[in-house]
Amino acid sequence: FGDREMIGTIYQRIMTNFTGFSLYYQPIVDAATDHIVGAEALVRWQDDQYGFVPPGRFIPFIEQNACVYDLGNWIIWQALQDATEMRKVIPDFMINVNIAAPQLVRKEFRQEVLNALHDTAYPPENLCLELTERCRELDTEFLRNEIRFFRSHGIRVAMDDFGTGNASLQLVLELPLDEIKIDRSFIQDIQDQRVNQVLVSAITNGARAIHADICIEGIEDQELGNYLQRYDPTYYQGYYYSRPVSKEEFLSLISS
């Protein structure tokens with residue numbers, strides 16, 4: 001099947017009650033205690049015709065299409081609904097949701113987020129919006145105003161995958177962020193790569209300068225987690241703790 005036909009099918013599914021879409025959850029762990037404190041919600045899609053489609057195959061297309069706004073709003077609502085169940089196990093549970101640039105630039109997006117919080121009765125301080133790569137291409141003053149709006153309602157805002165694309169340290173220092181997520185590309189072979197060590201040190205020092213939390217992605221084993229303690233991270237995320245799993249599997253994980 002060609003990608004054009006597949007994207008057409010995805011668009012139809014979004015317009016017909018998001019058929020085939022589901023959310024998977026990857027744990028976010030307190031780096032000091034190794035306890036799960038939250039999760040990142042990650043969208044998945046499966047279809048009778050195409051089977052299970054890897055997110056890397058359809059998300060880049062979706063992010064360039066207006067339908068990402070409707071799908072993104074559904075993701076927020078569904079993630080908050082699911083996280084309500086997770087809070088029964090972990091009362092201070094934090095749910096992280098990725099936000100694409102086409103969502104952020106829509107003037108009605110602010111209210112959509114507030115409506116989702118109201119409809120699900122989810123506490124705003126337990127929601128973190130992760131700004132994805134293309135958000136960094138937006139005007140800095142616009143970004144600053146959007147972040148301030150969400151923070152004024154108690155919602156946390158993070159910069160996702162820092163170190164990729166247009167994520168400059170200067171940009172981060174100019175934004176009132178709550179959290180910086182360091183991309184896994186910086187972590188691979190960091191024990192042997194002096195350049196990566198210097199870069200991660202600069203990023204974490206910059207994050208602390210603006211009083212932002214630090215989440216390091218790509219933790220694949222305990223040895224790597226132990227090594228990264230020297231950078232004083234706040235959170236860890238990676239396959240060492242769990243791959244992204246369904247809501248049911250995640251609830252089993254945190255209940256065991």
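Everything here concerns the structure above.
Just so we're clear, the structure is a prediction, and the values are computed from it rather than from any experiment.

Draft legend 1. Expanded view of the packing of aromatic side chains. The final tally for this structure, using the stated rule, is 13 aromatic pairs. When the ring of Y25 is compared with that of F250, the centres are 6.2 Å apart and the planes differ by 55°; the resulting orientation is tilted. Of this pair, Y25 sits in strand β1 (residues 21-30) while F250 sits in helix α10 (residues 247-255), and the two are 225 residues apart along the sequence. Look at Y25 and you get buried, because its relative accessible area is 0%.

Draft legend 2. Inspection of the packing of helix α3 (residues 67-86) against helix α5 (residues 109-120) at higher detail. Two elements in contact, α3 and α5, have axes separated by 9 Å at closest approach and are oriented at 25°. In terms of orientation, α3 lies roughly parallel with respect to α5. The handedness of the crossing between α3 and α5 comes out as right-handed. Listed contacts from α5 to Y69, N73, I76, W77, L80, Q81 and T84 of α3 are F109, E112, V113, A116, L117, D119 and T120. A per-class count over the contact of α3 with α5 returns eight nonpolar, four polar and two charged.

Draft legend 3. Looking closely at the nonpolar core. Counting 82 residues, the largest nonpolar core has F21, F58, I95 and L228 as the members making the most contacts within it. Of the residues forming this core, the biggest block, 11 residues, is contributed by α3. Beyond its immediate chain neighbours, meaning those up to four positions away, L228 contacts I187, I190, I216, I219, P233 and Y236.

Draft legend 4. Main features of the environment of R136. Within the fold, R136 resides in the loop between β5 (127-131) and α6 (140-152). With 35 residues separating them along the chain, R136 and A101 place their C-alpha atoms 8.3 Å apart.

Draft legend 5. Molecular detail of the state of the cysteines. Going through the model one piece at a time under the given rule, you end up with zero disulfides. Looking at the unpaired C128, the closest cysteine sulfur is the one in C215, lying at 9.1 Å.

Draft legend 6. Spotlight on unusual backbone geometry. Phi at A121 takes a positive value of approximately 55°, unusual for a residue other than glycine. Given a relative accessible area of 64%, A121 falls into the exposed group. Despite not being glycine, D232 has its phi angle at roughly 55°, a positive value. Structurally, D232 can be placed in the loop between α9 (222-228) and β9 (235-237).

Draft legend 7. Representation of helix α8 (residues 194-209) in the model. Look at α8: 23 Å from first C-alpha to last across 16 residues, which is about the 22 Å you get at 1.5 Å a residue. Those residues of α8 lying buried are N196, Q197, V200, I203, T204, G206 and A207. Residues of α8 that are buried in the fold lie against β6 (156-162), α7 (169-174), β7 (179-182), β8 (213-217) and α9. One or two positions beyond α8, positive phi appears at H211, with a value near 60°.

Draft legend 8. Main features of the pattern of salt bridges. Within this structure, the stated rule accounts for 12 salt bridges. E130 is the partner of K181 in a salt bridge, and the nearest nitrogen-oxygen pair spans 2.8 Å. Highlighted residues: K181 in strand β7 and E130 in strand β5, separated in sequence by 51 residues. Here the salt bridges do not stand alone but share partners, grouping E40, E130, K181 and E217 into one network.

Draft legend 9. Examining the side chain of E40 more closely. In this fold, E40 is placed in strand β2 (residues 36-47). Looking at E40, its side chain comes within polar contact range of the side chain of Q237, at 2.7 Å.

Draft legend 10. Region of the structure containing the packing of α5 against α6. For the pair α5 and α6, the least separation of the axes is 11 Å and the interaxial angle reads 20°. Considering the angle they form, α5 stands roughly parallel to α6. Crossing of α5 against α6: the hand is right-handed. Residues F109, R110, V113 and L114 of α5 form the contact with α6, whose participating residues are N145, E146, F149 and F150. Looking at the contact of α5 with α6, its residues break down into five nonpolar, one polar and two charged.

About the thresholds
Residues numbered from 1 in each chain as written. Predicted model: local features only at pLDDT ≥ 70, side-chain atom pairs only at ≥ 80, totals over all residues. Heavy atoms only, no water. Phe/Tyr/Trp six-rings, centres within 6.5 Å; stacked < 30°, edge-to-face > 60°. Helix = DSSP H or I, 4+ residues; strand = E, 2+ residues; numbered from the N terminus. Buried < 20%, exposed > 50% of the residue type's maximum accessible area, 1.4 Å probe, protein only. Axes fitted to C-alpha atoms, helices over the stretch in contact; angles between N-to-C directions. Parallel < 35°, antiparallel > 145°, perpendicular 65-115°, else oblique. Left-handed = near helix turned anticlockwise from the far one by under 90°. Contact = heavy atoms within 4.5 Å. Nonpolar A, V, L, I, M, F, W, Y, C, P; charged D, E, K, R; others polar. Core = buried A, V, L, I, M, F, W, Y, C linked by side-chain atoms within 4.5 Å. Disulfide = S-S within 2.5 Å. Expected span 1.5 Å × (residues − 1). Salt bridge = Lys/Arg side-chain N within 4 Å of Asp/Glu carboxyl O. Polar contact = N/O pair within 3.5 Å; in protein donor to acceptor, adjacent residues only side chain to side chain.

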